[in-house]
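Results of the structural survey
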Amino acid sequence: MRKPDLTRWTPPGFNVNAEAHFFIVGLAASFLLSLTFIPGYSSARKCLYITYQSTEKILMEGARMADFSEILGFTLYGFYILAICMLGMIIFHYIYHYKDSKSIYLMKRLPKSSELHKRCLALPITAFLICIISAFVMLLVYFGIYMTFTPEQCIAPDQWQKIWRDLP
Amino acid sequence: MIELKKVRKNYGGKVALRDVDLLLPRGEIVGLFGENGAGKTTLMKCILGFLPYDGTITLDGEPVTPKNIEKISFATSEHSFFPGLSPKAHKDFYAEHFPKFSNARFEGLMDFFELPKNKLLKHFSVGQKNQFEVILSLCQGADYIIMDEPFAGNDVFNREDFYKVLLGILEPNETILLSTHLIEEVSNFIGRAVLIHRGEIIGDVSALDLEESGSSLIDFVKNTYNYRSDRVSKTLEALTGKKE
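Presented here is an overview of the structure given in this document. Note that the structure is predicted; figures quoted are calculated from it, not measured.

Another point: the overall build of chain A. Of the regular secondary structure elements, chain A holds 7 helices and 2 strands. Counting helices and strands in the order they occur from the N terminus, chain A gives α-α-β-β-α-α-α-α-α. In terms of overall dimensions, chain A is more spread out than a globule: its C-alpha atoms have a radius of gyration of 23 Å, far above the 15 Å expected for 168 residues. If one aligns the C-alpha atoms of chain A with their principal axes, the spans along those axes are about 75 × 30 × 30 Å. In chain A, 76% of the contacts between residues at least 6 apart in sequence involve partners at least 24 apart. In the form shown here, chain A has an accessible surface area of approximately 9900 Å², with 66% of it arising from carbon and sulfur atoms.

With respect to the helices and strands, the residue Gln159(A) is situated in helix H7 (residues 159–166). You can call Gln159(A) buried: its relative accessible area is 4%.

Residues and elements named next belong to chain A. With respect to the element layout, Thr150 can be found in the loop between helix H6 (115–149) and H7. Within the local environment of Thr150, its side chain forms a polar contact with the side chain of Tyr41, the two groups lying 2.7 Å apart. Apart from residues no more than four positions distant in its own chain, Thr150 is found in contact with Tyr41, Arg45, Leu48, Met65, Ile145 and Ile155.

All names here are of chain B. Pairing is antiparallel across the open sheet formed by 4 strands, whose spatial order is S2-S1-S4-S5. Two strands in the sheet have a free side with no partner beyond their single neighbour: strand S2 (14–24) and strand S5 (62–63). Together, strand S1 (2–11), S2 and strand S4 (54–59) form the strand contacts of helix H1 (residues 40–47), whose direction differs from that of S2 by roughly 60°.

Analysis parameters
Residues numbered from 1 in each chain as written. Chains lettered and ligands numbered in written order. Predicted model: local features only at pLDDT ≥ 70, side-chain atom pairs only at ≥ 80, totals over all residues. Heavy atoms only, no water. Helix = DSSP H or I, 4+ residues; strand = E, 2+ residues; numbered from the N terminus. Rg over C-alpha atoms; globule rule 2.2 N^0.38 Å. Contact = heavy atoms within 4.5 Å. Areas by Shrake-Rupley, 256 points an atom, 1.4 Å probe, with all protein chains shown as cover. Buried < 20%, exposed > 50% of the residue type's maximum accessible area, 1.4 Å probe, protein only. Polar contact = N/O pair within 3.5 Å; in protein donor to acceptor, adjacent residues only side chain to side chain. Pairing = 2+ DSSP bridges. Axes fitted to C-alpha atoms, helices over the stretch in contact; angles between N-to-C directions.

Right, here's the structure in full:
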């Protein structure tokens, strides 16, 4: 597959590779951080059972699983922080046109007046959306895991609603 | 023609331009002179639409908008290129955005100044950066070329050669508005001199009128500014007690 030419979507002369590298590393780190949901969930699920004769697990009567949002905790915060960084990148892109020269004068003189904004906004907004969508996808995956692998009688009602209430 | 009518610009309470009226017809090379802070750069930035102002500025009868802005190019000592790009990449960028970009002129001027085409601009010397800034403004394909102190930092040989080349390559419909402190140096190059002082146009004379009156440009500037030639001797006398 042909690599997309990102230089047309960033300020001319801007180090797009460094920015892309930062984003990919940030996204990978956010994903790894989100994986801490799994041990958190396992631990909470384990509390529902008692172990009989070291091998057999028996569901405790009246056991209640911790709320999904409680187990989720900060696991998706990596995506949110990266998304905020991407919004900060917008400011950085505009400032770039005042750094070492006043290339802003050239950008403001272009017949295509949207060019400046296109190059300053396009990638950070795309990256911002990728962060938010990734966070949402991981949320769905983890919610699916929670609902599938937790005994139904242990799940407190309104789990889905509680997610939105507890989201930052 | 660029026409300024009653253009006024304030920075806070300070008046930077005071009811400026100015006509810049096609085909003229106009020198804009004035002391530091006189309003030269502000005037140019208002023409380019970089600054809000009161009054009217028209470009061939129309307000300056993205539709006609390509008719004006701008070279500034602050530089408006991208330091992280090479001249070749600038050429591609300009060619993409300015349909009248002159590739032949670009190549010719790059060769004249012996500038490297693939080196990033941030690695150029100040003089080379100035030269490249001017090259871009001349190659954009603009009818009106605005230059704000473009040669600051260039050696005199480069400047003199450049004036000659410039006179040789300019098309009859190309207009230059050149702001500089190098009055004597550009006196043979410009066709008209406009003097600005504290935001007001205080002098406007053609080279032909000066020639006919037998006056030089520097004399015209000094007279218009009420230059007191005795102020040096008076100061020295006051400081040293010696009469010259």
